Amino acid sequence: MSVDPMTYEAQFFGFTPQTCMLRIYIAFQDYLFEVMQAVEQVILKKLDSISDCDISPVQIRKCTEKFLSFMKGRFDNLFGKMEQLFLQLILRIPPNILLPEDKSQETHSYSEEEFQLLQKEIEQLQRKYKTELCAKQALLAELEEQKIVQAKLKQTLTLFDELTNVGRDHGISDFRESLVSLVQNSRKLQNIRDNIEKEGERLKAS
């Protein structure tokens, strides 16, 4: 059997030419075996009708097998030649013929060098697309973070406004200035506490 894959022919026929030839070969062999079995049965029936025949069924079977082997050898030889003719002249698409789905190659043909350049350009575009996609994802993540920060800032400003209104209700004119003053006084008190703790530790150590 031929080892040429004949992929273009398989694209057109829907099967490989080698598979077609193999099926024909098997069909011929099966037919040959059936014929030899039929011939053997006819011979055995003829022998049954002959009295005092010295030829046994075993001898008939040996002769049938020998003749079958001879016919199979001749058949394999002829089939090998037939296969070459079929694969070269009948089941082969000429190299100058394009299938309808490949007609675009006539107007869009590329050399090997041009094809390599196109491949490189495609790879560059793919890398650029991946880079832009990563940048887009990073921007979307940053945008989500900004939305969270804005929401928290809005909550903080709302809280300050509410505290300012409460301060006004209790006679505090500017709540924000009072809050700044409170923070500064808290820091002073914290510093005084830290100094007292240090002085206490020093006295204990002495």
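For the structure itself, look to the data block above.
Described in the following lines is the structure provided in the data block. (Residues numbered from 1 in each chain as written. Predicted model: local features only at pLDDT ≥ 70, side-chain atom pairs only at ≥ 80, totals over all residues. Heavy atoms only, no water.)

Below, the discussion takes up the nonpolar core. Membership of the largest hydrophobic core is limited to seven residues, which are Met-6, Met-21, Tyr-25, Phe-75, Phe-79, Leu-87 and Leu-91. Mapped onto this core, the elements with two or more residues apiece are α2 (17-48) and α3 (57-90). (Core = buried A, V, L, I, M, F, W, Y, C linked by side-chain atoms within 4.5 Å. Buried < 20%, exposed > 50% of the residue type's maximum accessible area, 1.4 Å probe, protein only. Helix = DSSP H or I, 4+ residues; strand = E, 2+ residues; numbered from the N terminus.)

Turning next to a nonpolar patch on the surface. A surface patch of nonpolar side chains, about 330 Å² in accessible area, is lined by Tyr-31, Val-35, Val-39 and Ile-43. With respect to the helices and strands, Val-39 occurs in helix α2. (Patch = residues over 30% accessible without salt bridge, like charges linked within 9 Å, V, L, I, M, F, W, Y side chains within 5 Å. Areas by Shrake-Rupley, 256 points an atom, 1.4 Å probe, with all protein chains shown as cover. Salt bridge = Lys/Arg side-chain N within 4 Å of Asp/Glu carboxyl O.)

Here we take up the pattern of salt bridges. In total, this model carries four salt bridges according to the counting rule given. Ionic pairing is found between Arg-61 and Glu-40, a salt bridge with its closest N-O pair at 2.6 Å. One end of the pair, Arg-61, is in helix α3; the other, Glu-40, is in helix α2, and 21 residues separate them in sequence.

Our focus in this paragraph is the packing of aromatic side chains. On inspection of all chains with the given rule, the structure shows five aromatic pairs. When the ring of Phe-28 is compared with that of Phe-75, the centres are 5.5 Å apart and the planes differ by 40°; the resulting orientation is tilted. One end of the pair, Phe-28, is in helix α2; the other, Phe-75, is in helix α3, and 47 residues separate them in sequence. Residue classification places Phe-28 among the partly exposed residues on the basis of a relative accessible area of 42%. Judged by its relative accessible area of 16%, Phe-75 falls in the buried class. Taking 6.4 Å as the distance between ring centres and 35° as the angle between the ring planes, the aromatic pair formed by Phe-67 and Phe-70 counts as tilted. Here Phe-67 pairs with Phe-70, and both are found in helix α3, just three residues apart, close to one helical turn. Under the relative-accessibility criterion, Phe-67 is labelled partly exposed at 40%. Ring-pair connections join several aromatic residues into one group, and the members of that group are Tyr-25, Phe-28, Phe-75 and Phe-79. (Phe/Tyr/Trp six-rings, centres within 6.5 Å; stacked < 30°, edge-to-face > 60°.)

Here we take up the side chain of Gln-29. Looking at where Gln-29 falls in the secondary structure, it is placed in helix α2. When sequence neighbours within four positions are dropped, the list of residues in contact with Gln-29 reads Lys-72, Phe-75 and Asp-76. (Contact = heavy atoms within 4.5 Å.)

So, to be careful, I would describe these as geometric facts and stop short of saying anything about function.
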